[in-house]
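Given next are the chains, with one letter for each unit.
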Amino acid sequence: MRIAVYGKGGIGKSTIASNLSVGLASGGKRVLHIGCDPKGDSCQVIMGRMIPDFVQMLTEKGSELQTEDIIFTGKCGVHCMEVGGPRNGSGCAGMGMNAMNSVLERFGIWEKNWDYIVYDVLGDIVCSGFSTPMREKYADLTYIVTSAEYMSLYAANNILCALAAAGEGEKNFGGFIFNRYQKPWEEAVFEELIRRTGGKEAGRIPLSREIRRADYAQQPFLMSESRERAPMEAFERLLKVVKEGKGMEAHPMNREEMADFRKYCMRKEEENDAASEIGD
């Protein structure tokens with residue numbers, strides 16, 4: 001099963017994707033985790049360190065590039081690769097995605113007996129490089145990470161638009177993953193997003209100090225000794241949904257519908273603020 005995790009930058013998709021890879025690898029499953037952000041930081045909680053990225057090694061070694069130069073084995077036996085990209089301000093951030101496929105085909109990587117391939121992809125789907133997993137159908141299902149912040153919701157709907165265009169009626173949408181929620185009004189916004197897009201919930205992960213600490217320690221939260229049951233159980237539910245692998249068609253909101261949804265989000269937050277003032 002090939003899955004892609006998309007979302008606005010900084011929304012926590014790398015944390016979710018890397019923990020998914022570790023969770024999917026349990027029981028001896030073969031998992032390939034591909035970080036598609038030019039920052040090259042998707043695999044660090046699985047590896048416990050930063051690893052050389054594909055663009056960097058291709059530049060250095062050229063035709064002498066070998067599989068072991070770009071694919072490394074991390075925790076739980078997860079195989080890791082970072083696509084990478086040009087230095088900040090010096091080129092197209094998605095260029096590595098387009099170059100990666102032909103090299104991995106030449107190495108026979110796609111033909112290996114993987115149980116899961118997980119792509120962690122930056123949410124700027126306007127870039128042709130970042131849209132490659134959905135556009136070229138490298139991924140069977142795409143999951144979209146969002147929070148209750150409006151720009152995150154806006155990006156989520158944009159990604160859904162790209163997914164609908166790429167899918168052409170295919171059931172390629174795995175669902176929304178709601179991340180870092182704290183209050184009931186935030187959950188209400190998430191549920192309204194699902195209702196207005198006719199989508200579905202794949203997971204709902206609360207704001208957690210232990211998840212943040214695991215990130216700082218460069219280790220998967222699922223391998224930590226956390227005493228917080230809520231986020232651990234949330235990941236377990238998400239893993240169950242991902243393993244079931246049931247997709248649906250993507251139905252994004254248009255501009256007018258998104259504008260109305262923005263008003264709804266603002267109203268829910270204002271209602272929460274008013275209730276808090278009364279409580280005080």
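Predicted, not measured: the structure shown is a model, and the values here were computed from it.

The rules behind the values
- Residues numbered from 1 in each chain as written.
- Predicted model: local features only at pLDDT ≥ 70, side-chain atom pairs only at ≥ 80, totals over all residues.
- Heavy atoms only, no water.
- Helix = DSSP H or I, 4+ residues; strand = E, 2+ residues; numbered from the N terminus.
- Contact = heavy atoms within 4.5 Å.
- Core = buried A, V, L, I, M, F, W, Y, C linked by side-chain atoms within 4.5 Å.
- Buried < 20%, exposed > 50% of the residue type's maximum accessible area, 1.4 Å probe, protein only.
- Axes fitted to C-alpha atoms, helices over the stretch in contact; angles between N-to-C directions.
- Parallel < 35°, antiparallel > 145°, perpendicular 65-115°, else oblique.
- Nonpolar A, V, L, I, M, F, W, Y, C, P; charged D, E, K, R; others polar.
- Salt bridge = Lys/Arg side-chain N within 4 Å of Asp/Glu carboxyl O.

A.B. asks: Please explain the environment of valine 78 as it appears in this structure.
C.D. replies: With respect to the element layout, valine 78 can be found in the loop between strand S3 (72-73) and strand S4 (79-82). Sequence separation of valine 78 and leucine 160 is 82 residues, and the distance between their C-alpha atoms is 28 Å. Among residues more than four places away in sequence, those in contact with valine 78 are Ser21, Val22, Ala25, Val31, His33, Ile46, Phe72 and Thr73.

A.B. asks: I tried to follow the nonpolar core on my own but got confused; where do I start?
C.D. replies: In globular proteins that are soluble, nonpolar side chains generally tend to be buried together. Ranked by size, the top nonpolar core spans 54 residues in total, and within it Ile34, Ile70, Met100, Tyr119, Phe176 and Phe261 carry the most contacts. The dominant element in this core, judged by the number of residues it contributes, is helix H6 (residues 150-167), at 8 residues. Look past the residues within four positions of methionine 100 in its chain and what remains in contact with it is Ile34, Phe54, Met81, Val83 and Trp110. Within the second largest apolar cluster, 35 residues are counted, among which are Ile11, Ala25, Met47 and Val118.

A.B. asks: Honestly, the packing of helix H1 (residues 13-24) against helix H9 (residues 229-244) in this entry has me stumped. Any pointers?
C.D. replies: Between two packed helices, the angle of one axis relative to the other and the distance separating the axes together describe the packing. At their nearest, the axes of H1 and H9 sit 10 Å apart, and the two run at 70° to each other. With respect to their mutual orientation, H1 and H9 come out roughly perpendicular. Across the interface between the two elements, Ile16, Asn19, Leu20, Gly23 and Leu24 of H1 pack against Phe235, Leu238, Leu239, Val242 and Lys243 of H9. Residues of the contact of H1 with H9, tallied by class, amount to 7 nonpolar, 2 polar and 1 charged.

A.B. asks: Hey, could you run me through the pattern of salt bridges in this one?
C.D. replies: Charged atoms that come close allow side chains of opposite charge to pair. Taken as a whole and judged by the stated rule, the model has 13 salt bridges. The partner of aspartate 140 in a salt bridge is arginine 2, with the nearest N and O atoms 2.8 Å apart. Of this pair, aspartate 140 sits in the loop between helix H5 (132-135) and strand S6 (141-146) while arginine 2 sits in strand S1 (residues 2-7), placing them 138 residues apart in sequence. The residue glutamate 236 makes a salt bridge to arginine 229 at a minimum N-O spacing of 3.9 Å. Among the charged side chains, a network of salt bridges with common partners joins Glu187, Glu191, Glu201 and Arg204.

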